[in-house]
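Descriptive analysis of the structure
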Amino acid sequence: MAAILVSVTCGIVGTYVVIKRIVFISGGISHAAFGGIGLGYLLGINPILTAIPFSILAALGIGTISKKTKVSEDTAIGILWTVGMALGVIFIALSPGYAPDLFSYLFGSILTVPSFDLIIMLILNVIIIFTVILFHKEFSAISFDEEFSEVIGVPTKIMYFLLLCLVALSVVVLIRVVGVILVIALLTIPAAISRQFTHHIKKLMVLSIFTGIILTVTGLCFSYMFDLPSGATIVLVLGTCFLLSSFLKKPVSI
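So, a few notes on the structure that sits alongside this text. Since the model is a prediction, treat every value here as computed from it, not as a measurement.

Points about the nonpolar core
Core analysis: the biggest nonpolar cluster contains 73 residues, and M121, I175, V177 and L186 have the highest contact counts within it. When residues of this core are assigned to their parent elements, the largest contribution, 23 residues, is made by helix α8 (residues 156-194). With near-sequence residues (within four places) excluded, M121 lies in contact with A2, L5, V6, V113, V173 and V177.

Here we look at the pattern of salt bridges
Summed over all chains, the structure comprises two salt bridges. Measuring nitrogen to oxygen at the nearest pair gives 2.7 Å for the salt bridge that ties K20 to E146. In this pair, K20 sits in helix α1 (residues 2-20) while E146 sits in helix α7 (residues 146-151), placing the two residues 126 residues apart along the sequence. Neither K20 nor E146 differs from the other in exposure class; each is buried.

A word on unusual backbone geometry
We note that R21 has phi near 60 degrees; this positive angle belongs to a residue other than glycine. Within the secondary structure, R21 sits in the loop between α1 and α2 (23-43). What makes R21 exposed here is its relative accessible area of 72%. A positive phi angle, near 55 degrees, is found at D227, a position not held by glycine. Here D227 is to be found in the loop between α9 (201-226) and α10 (230-246). Judged by its relative accessible area of 70%, D227 falls in the exposed class.

Some remarks on the packing of aromatic side chains
In the structure shown here, the tally under the stated rule is five aromatic pairs. Judged by centre distance (6.2 Å) and plane angle (55 degrees), the rings of Y160 and F161 are tilted. Seen in terms of ring centroids, F222 and F226 are 6.2 Å apart; in terms of plane orientation they differ by 40 degrees. Their pairing is tilted. Taken together, the positions of F222 and F226, both in helix α9 and four residues apart, correspond to about one turn of that helix. Classification of F222 as partly exposed rests on a relative accessible area of 35%.

Rules used throughout
Residues numbered from 1 in each chain as written. Predicted model: local features only at pLDDT ≥ 70, side-chain atom pairs only at ≥ 80, totals over all residues. Heavy atoms only, no water. Core = buried A, V, L, I, M, F, W, Y, C linked by side-chain atoms within 4.5 Å. Buried < 20%, exposed > 50% of the residue type's maximum accessible area, 1.4 Å probe, protein only. Helix = DSSP H or I, 4+ residues; strand = E, 2+ residues; numbered from the N terminus. Contact = heavy atoms within 4.5 Å. Salt bridge = Lys/Arg side-chain N within 4 Å of Asp/Glu carboxyl O. Phe/Tyr/Trp six-rings, centres within 6.5 Å; stacked < 30°, edge-to-face > 60°.

If you want it as structure tokens, here you go:
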């Protein structure tokens, strides 16, 4: 169930991430989300619940700093990336006791996703799907050409911030499966593989979803067979398939 839920998220949001080339923004948000996980340990509540607002604030922070100040986007990402991780470490150090499942938030553990987290992932998936259905044309427009979109009347800044919020929600969905460190891979590789075979955005989303499901489950099976960490094995399977797909001819008629 977790594999299916994260694959749906990756297929939809990952398509926009790859097309708009905001992969490292996704990485910045995912690492900043570690601050929310640390806050959850400090407050004694489910870290996923505190990671949601923390990730959204990080996404809005990156967008605001890059759009409304002279600081470049990559600098904004680097600042929030490191500050978020530092806050997470401090919060965990201040929290009483020992954080036994911290490793699963850093590197993922699809085998230990509790039912409550599955419910949260499902709710976030519904929010993401509903938002994309409502604003698909606007997201597509700013992904391909943000300047032209602004000329024809699309509220590009609002849509950009909303897209970053979707990326933030996707990060929260992915954390329990592959962890903060490996989020970028699962959010981008299925869409990158699928883009080898089609440039039609709706087909790209569908193909990315099924690619994610198949490869995530395959990685999970390999991790079970060879007794390897599940998150890392899933990412290695994705990376291997991306390399293989790069050598295949790209059909131009799809």
